[in-house]
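Here are the chains, one letter per residue:
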Amino acid sequence: MSRHKRFWRAFRFALLAVALLTAGFMLYLDFRVRSEFEGRRFALPARIYARPLELYAGLRIARANVLDELREAGYRDGAREGGSGWFVREGDGIEIAVRPFVFWDGPQPAKRIRVAFDDSAVAAVRDAEGRDLPLARLEPLPIGGIYPANNEDRVLVRLGEVPKHLVQALVANEDRNFYSHYGFDPRGIARAAVSFVRGNGRQGGSTLTQQLVKNFFLTPERTLQRKFTELGMAVLVELHYGKEEILEAYLNEIYLGQDRDRAIHGVGLAALYYFGKPVEQLTLAESALLVGMVKGPALYDPYRHPQRALERRNLVLRETKDRGYATMEQYAAARATGLGVNPKASVGTSPHPAFLELVHRQLRRDYDEADLRSEGLRVFTTLDPRVQGAAERVLERKLAQFDKEKRFGAPGLEGAIAVTDSQTGEVQALVGGRDARYRGFNRALDAARPVGSLLKPAIYLTALAEPSRYTLVTPIDDGPFVWKSRGAPDWQPANYDGKHHGAVQLRTALAQSYNAASARLGTELGVERVLATVKRLGIERKLRPYAATLLGAVELSPLEVAQMYQTIASGGFRAPLRAIREVTTQDGRPLKRYPLAVEQAFPSEPMYLIVAAMQGIVREGTAQALKNWLPPESGVAAKTGTTDEQRDAWFAGFTGDRLGIVWIGYDDNRAARLSGAAAALPVWGELMAMLSPEPLAPLKPDGIEIVLIDPESGLRADADCTGAIELPFAQGSAPVERAPCSSALGVVIEAVQQRAKSWLERLFGN
Amino acid sequence: MRTLVAILAVLIGGCAVVQLPAPGPDPLPAPAPTAARTENAAIAGLLDGARADAASGRLANAAASLERALRIEPRNPRLWQELARVRLKQGEYAQTESTAARSNSWAGGDSTLRAENWRLIAQAREARGDTAGARAALEAADRQR
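All values derive from a computational prediction rather than experimental measurement.

Thresholds, definitions, all that
Residues numbered from 1 in each chain as written. Chains lettered and ligands numbered in written order. Predicted model: local features only at pLDDT ≥ 70, side-chain atom pairs only at ≥ 80, totals over all residues. Helix = DSSP H or I, 4+ residues; strand = E, 2+ residues; numbered from the N terminus. Rg over C-alpha atoms; globule rule 2.2 N^0.38 Å. Contact = placed C-beta atoms within 7 Å. Buried ≥ 20, exposed ≤ 12 C-beta atoms within 10 Å, placed from the backbone. Pairing = 2+ DSSP bridges. Axes fitted to C-alpha atoms, helices over the stretch in contact; angles between N-to-C directions. Arc of directions from axis to C-beta. Core = buried A, V, L, I, M, F, W, Y, C linked by C-beta atoms within 7 Å. Domains from an automatic or database assignment. Nonpolar A, V, L, I, M, F, W, Y, C, P; charged D, E, K, R; others polar. pLDDT = per-residue confidence, 0-100. Parallel < 35°, antiparallel > 145°, perpendicular 65-115°, else oblique.

Help me out: how do you make sense of the overall build of chain A in this one?
A tally of helices and strands in chain A yields 23 helices and 33 strands. Relative to its length of 766 residues, chain A is extended, with a C-alpha radius of gyration of 35 Å against a globular reference of 27 Å. Each principal axis of the C-alpha distribution contributes one length, and for chain A these read about 145 × 75 × 55 Å. Sequence-distant contacts in chain A: of pairs separated by 6 or more residues, those separated by 24 or more amount to 69%.

In structure tokens, the structure reads:
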């Protein structure tokens, strides 16, 4: 065999081997392309919505609040342009073109309404023809999502919804030969090379198909092998799929910017994010801006680099015109417009991460994490943007003020707020720290802090449930108190003012939050019994049965405290705190409701008594300072809480419609030197004053009678007693003995009555 | 003569008792006389919708409408009662009882409403097999006169 022949044989073998290897590799790529492309569904985040604003005559809301909410929802102010999504102020009212929306209970078409206001309430709601509408529901604000990996967010669009000029601008600028090439474009590569050599900068020679493949299947590293893989896959994708399918996938996949931690993908979401409108409505200029950003979303970010973005857009417009996709007039008109991007502040994955976390946790009880991050579920929550916004602002402002006054240095004071609907247990607002946008330690849910006196109402409620032994005026000894138990050091609670107050009335002991009297009462009742009350009020955490637990040597989160006080606020009817109302699929099919559930944990009578005692805390006790924010007629019931060395300042209180819990302290547990009354109370007061609260006026149960009492002696008073007060008592438990202040005549009359009675009895032999 | 004085004293005493509750300067907020407010149009609309939904078996929708109404007027005992009725149809007997009890807590002097709540409680107990409890609830309904 000649050398020549041997060489050719080896060569043919090598060729065959290469061909086989290549074929094998292509088969593998083909398998990947088909399985992944076909099985591919874009992961869609669960979308979370606030509560919808329901407008009706009599709703207590200022016009400014409604305007805020409309602006937040991206409604345009001032011009009657387009079918919906705008509002016009007229006189004292607003005309609103409400957008269509698919609610849990079905779709609601676009509609025009007129809302009239008087004295910070809605006076009337009418339709376009001037007829009264009993109720008008606005679409709920989106407040974030639960996102797939890398926090990718997108709104899927069909190719048919995308304006032609957007597609044309894209093709003209990114891949001129898109409609004719087979996945790669030698002319494009040559052009890019020439441009590079001439020093006109780098131009991507990648086709749209290659870009799509790169985003879909590959990691961003730049190696020769990866380039070949990309090329192979692009050809295979072209082989299997039509240009339209590829284009549609591309338009939904393309990365178009970053909103804090949220990645904006696809033209559908980009249109909403940058321009506040659906993709169908994008103009040529707007489309060109998006197309321009394909090259470098950060580089051409219209918010951070408006000038560069504008120049880039105009370049895209010129190219579009040069390729014959736009006339000179269209080009000139588009060029003359500004960037036109939404002024809306960036929100990231959510503007209210603390509340979103609560929603996420409640959802996780019923849904797989993977489904939450990919199925595009729509979740309708209880968040009230007005309450949430107010809570965030007040906490931020007050903490800054306290920091300044205290000068304790960094890190500054922290805080948390929970606000609920006191009757239904819906969570209206949740603030997890002073920087409400920061998605970090969520103090409202996860900061378990000693609650101090916040547990005291449970002691007094346990007592008042036994009216034969305890009423609001029963004397309690506030003298020095020592609790001895085997194996534990003696426990001797001191009062906040360091004094002891002798025998005080039960209501006063609570109003002034006396520790010695409360500890004595609690141990008299039995620690276990008080803890049973705490549990019935809704605290699920197991509490240690120590006497010190009575005075709050127990750690709870603000949300747990809210659950406990919710039961008191709604008259003994415990309602589990809820953040979610309904969940639907992506296209609006109802999946699950989270219904309002109540459970009667206590009879009405003791609840009425404890609420009256807690109103006393505000009227004449440790929460008196509340009068600086709310008038006495509000009848607020509340409790302050302060822990050892003032590490934690708490305030828990409720009006007729809302319950609020405020905690303030340092994360590192430093002594804050701020009491509940000094720090948490002002936050609560300022917040509630902003929300025009409904007065608290519990309905008197049958088993309760109101009796005039001399506040000094705690005995029965009459008209002659100046300063006498009305107090509620369980039927038959009110004191019989008359106060010294009651009129002499009254005493005489009583004696005479007594004699007359016995005389009558004798007469009738009864 | 002594008799006359005594009778007089009883009369005066009676008057004195009637006059007694002169409010002090620092009274508790007066409890609302009745919780049932005049129904506004929004409530009426939601209530009608809920009844129609309940009648045609769309119980979840009926409950959702009633909850919407309760967010507007949480103290309206009729709404709580209607919700209890829906819960009964849904077979949520524990919720029927507690929701009817919630209605009672806002019912004030409306004995008809209370009696109906007790009847709902009786039905829920009956459905759960608690015959004695049901009988007690029916007796409570009869007492609301």
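Help me understand the overall build of chain B in this model?
For chain B, the count of helices and strands is seven helices and zero strands. Mapped in sequence order, the helices and strands of chain B form the string α-α-α-α-α-α-α. Buried residues in chain B amount to 43% of all 145 residues. At a minimum sequence separation of 6, the contacts of chain B that also span at least 24 residues come to 49%.

Would you take a moment to explain the pairing of strand 5 (residues 93-98) of chain A for this structure?
Each regular strand carries side chains that alternate between the two faces of the sheet. Residue and element names in this part refer to chain A. The buried fraction of strand 5 is high, at five of six residues. Here strand 4 (residues 86-90) runs beside strand 5; their pairing, made up of five bridges, is antiparallel. If you follow Phe87 over to strand 5, its bridge partner there is Ile96. Once strand 4 ends, the chain turns through two residues before running back antiparallel as strand 5, passing Gly91 with a positive phi of about 60 degrees. Two elements, strand 5 and strand 8 (residues 111-118), share five bridges in a ladder whose sense is antiparallel. Along strand 8, the bridge assignment pairs Val98 with Lys111.

Help me understand the sheet that holds strand 9 (residues 121-127) of chain A, please; the structure alone is not making it clear to me.
All names here are of chain A. Read from one edge to the other, the open sheet built from five strands follows the order 3-4-5-8-9, with strand pairing classed as mixed. This sheet does not close on itself; its edge strands, each paired only once, are strand 3 (76-77) and strand 9. Sheet analysis places strand 3 next to strand 4, joined by two bridges and oriented parallel. Residue pairing for strand 4: Asp77 is matched across the bridge by Phe87. Contacts from helix 2 (residues 63-72) reach strand 3, strand 4, strand 5 and strand 8 within the one sheet, and its direction differs from that of strand 5 by about 25 degrees.

For this particular structure, what's the right way to read helix 19 (residues 527-536) of chain A?
Since the α-helix packs 3.6 residues into each turn, any two residues three or four apart lie on the same face. Residues and elements named next belong to chain A. All of the buried residues along helix 19 are Val527, Val530, Leu531, Thr533 and Val534. For helix 19, the buried positions fall inside an angular range of 150 degrees around the axis, keeping them on one side. Looking at the packing, one finds that the buried side of helix 19 touches helix 16 (456-464), helix 18 (515-525) and helix 20 (558-569). At the exit of helix 19 stands Gly538, carrying a positive phi of roughly 120 degrees.

What is the right way to read the sheet that holds strand 14 (residues 262-265) of chain A from this model?
All names here are of chain A. The strand order across the open sheet built from three strands is 12-14-13, with neighbouring strands paired in mixed fashion. Each edge of the open sheet carries a strand with a single partner, namely strand 12 (152-154) and strand 13 (255-259). The mean inter-strand angle of the sheet, taken between neighbouring strand axes irrespective of direction, is 35 degrees. Two strands pair when backbone bridges link them, and strand 13 and strand 14 are joined in this way by three bridges, in the antiparallel orientation. Each residue of the ladder has a partner; that of Tyr255, found in strand 14, is His265. In the packing of helix 8 (residues 266-275) onto the sheet, contacts are made with strand 12, strand 13 and strand 14, and the angle to strand 14 comes to roughly 115 degrees.

What is the right way to look at the nonpolar core in this model?
For soluble globular proteins, nonpolar side chains are generally found buried alongside one another. Residues and elements named next belong to chain A. In terms of nonpolar packing, the biggest core is built from 191 residues, with Ile417 and Ala680 touching the most fellow members. The element contributing the most residues to this core is helix 21 (residues 604-620), with ten residues. Apart from residues lying up to four places away in sequence, Ile417 is in contact with Ala391, Leu395, Ala429, Val431, Ala444, Gly660, Ile661 and Val662.

What should I look at first to understand the domain arrangement of chain A in this one?
It is common to give the size of an interface as the accessible area that goes away when the parts come together. Residues and elements named next belong to chain A. Under the domain assignment, chain A is made up of domain 1 (47-145), domain 2 (149-208 + 242-336), domain 3 (394-436 + 448-575 + 583-690) and domain 4 (704-764). On a C-alpha basis, the centroid separation for the pair domain 3 and domain 4 is 35 Å. Contacts between the two partners involve ten residues from domain 3 and, on the opposite side, ten residues from domain 4. For the side of domain 3 that touches domain 4, the leading source of residues is helix 21, giving four residues. Tallied by class, residues from the side of domain 3 that touches domain 4 come to six nonpolar, three polar and one charged.

Would you mind showing me how to read the environment of Gly502 of chain A here?
Residue and element names in this part refer to chain A. Note that Gly502 resides in the loop between strand 21 (488-491) and strand 22 (503-505). Given 11 C-beta atoms within 10 Å, Gly502 falls into the exposed group. Sequence spacing of Gly502 and Gly732 is 230 residues, and the spatial spacing of their C-alpha atoms is 27 Å. Not counting the four nearest positions on each side in its chain, Gly502 is found in contact with Asp478 and Gly479.

Quick question: what am I supposed to make of the confidence of the model for chain A here?
In low-pLDDT regions, the fine details of the predicted coordinates are not to be read closely. Averaged over all residues, the pLDDT of chain A equals 89, while 94% of them reach at least 70. The lowest-confidence element of chain A is helix 23 (residues 744-764) of chain A, averaging 56 in pLDDT; the highest-confidence one is helix 20 of chain A, averaging 98.

Before we go on, may I ask you to explain the packing of helix 9 (residues 284-293) of chain A against helix 10 (residues 306-322) of chain A in this structure?
Helix-helix packing: each pair is described by the crossing angle between the helix axes and the interaxial distance. Residues and elements named next belong to chain A. It is at 8 Å that the axes of helix 9 and helix 10 come closest, and there the two elements cross at 105 degrees. Looking at the two axes, helix 9 sits roughly perpendicular to helix 10. The residues of helix 10 that touch helix 9, namely those facing Ala285, Ala288, Leu289, Val291 and Gly292, are Ala309, Arg312, Arg313, Leu315, Val316, Leu317 and Thr320. When grouped by side-chain class, the residues that make up the contact of helix 9 with helix 10 number eight nonpolar, two polar and two charged.

Any chance you could explain the packing of helix 18 of chain A against helix 19 of chain A here in plain terms?
Residues and elements named next belong to chain A. At a minimum axis separation of 5 Å, helix 18 and helix 19 run at an interaxial angle of 95 degrees. Classified by the angle between their axes, helix 18 and helix 19 sit roughly perpendicular to one another. Of helix 19, the residues touching helix 18 (which contributes Gly522, Thr523 and Leu525) are Val527, Arg529 and Val530. Tallied by class, the residues present in the contact of helix 18 with helix 19 amount to three nonpolar, two polar and one charged.

Would you mind showing me how to read the environment of Ala234 of chain A here?
Residue and element names in this part refer to chain A. Counting through the fold element by element, Ala234 comes out in helix 6 (residues 224-240). By C-beta crowding, Ala234 is classed as buried, having 26 other C-beta atoms within 10 Å. For the pair formed by Ala234 and Val213, sequence separation is 21 residues and the distance between their alpha carbons is 6.2 Å. The contact partners of Ala234, leaving out residues within four places of it in the chain, are Gly183, Phe184, Thr207, Thr209, Gln210 and Val213.

Honestly, unusual backbone geometry in this entry has me stumped. Any pointers?
A negative phi holds for most residues other than glycine; trans holds for most peptide bonds. All names here are of chain A. Phi is positive for Glu645, close to 55 degrees, though the residue is something other than glycine. Its place among the elements puts Glu645 in the loop between strand 28 (637-642) and strand 29 (648-654). One non-glycine residue, Gln646, adopts positive backbone phi at about 55 degrees. Following the sequence through the fold, Gln646 ends up in the loop between strand 28 and strand 29.

Hey, could you run me through the confidence of the model for chain B in this one?
All names here are of chain B. When pLDDT is averaged across chain B, the result is 81; 73% of the residues are at 70 or more. Confidence over residues 4-38 falls short of pLDDT 50; this stretch has 59 contacts with residues more than four positions distant or in other chains. Scored by ipTM, the complex comes to 0.82, with pTM at 0.84.

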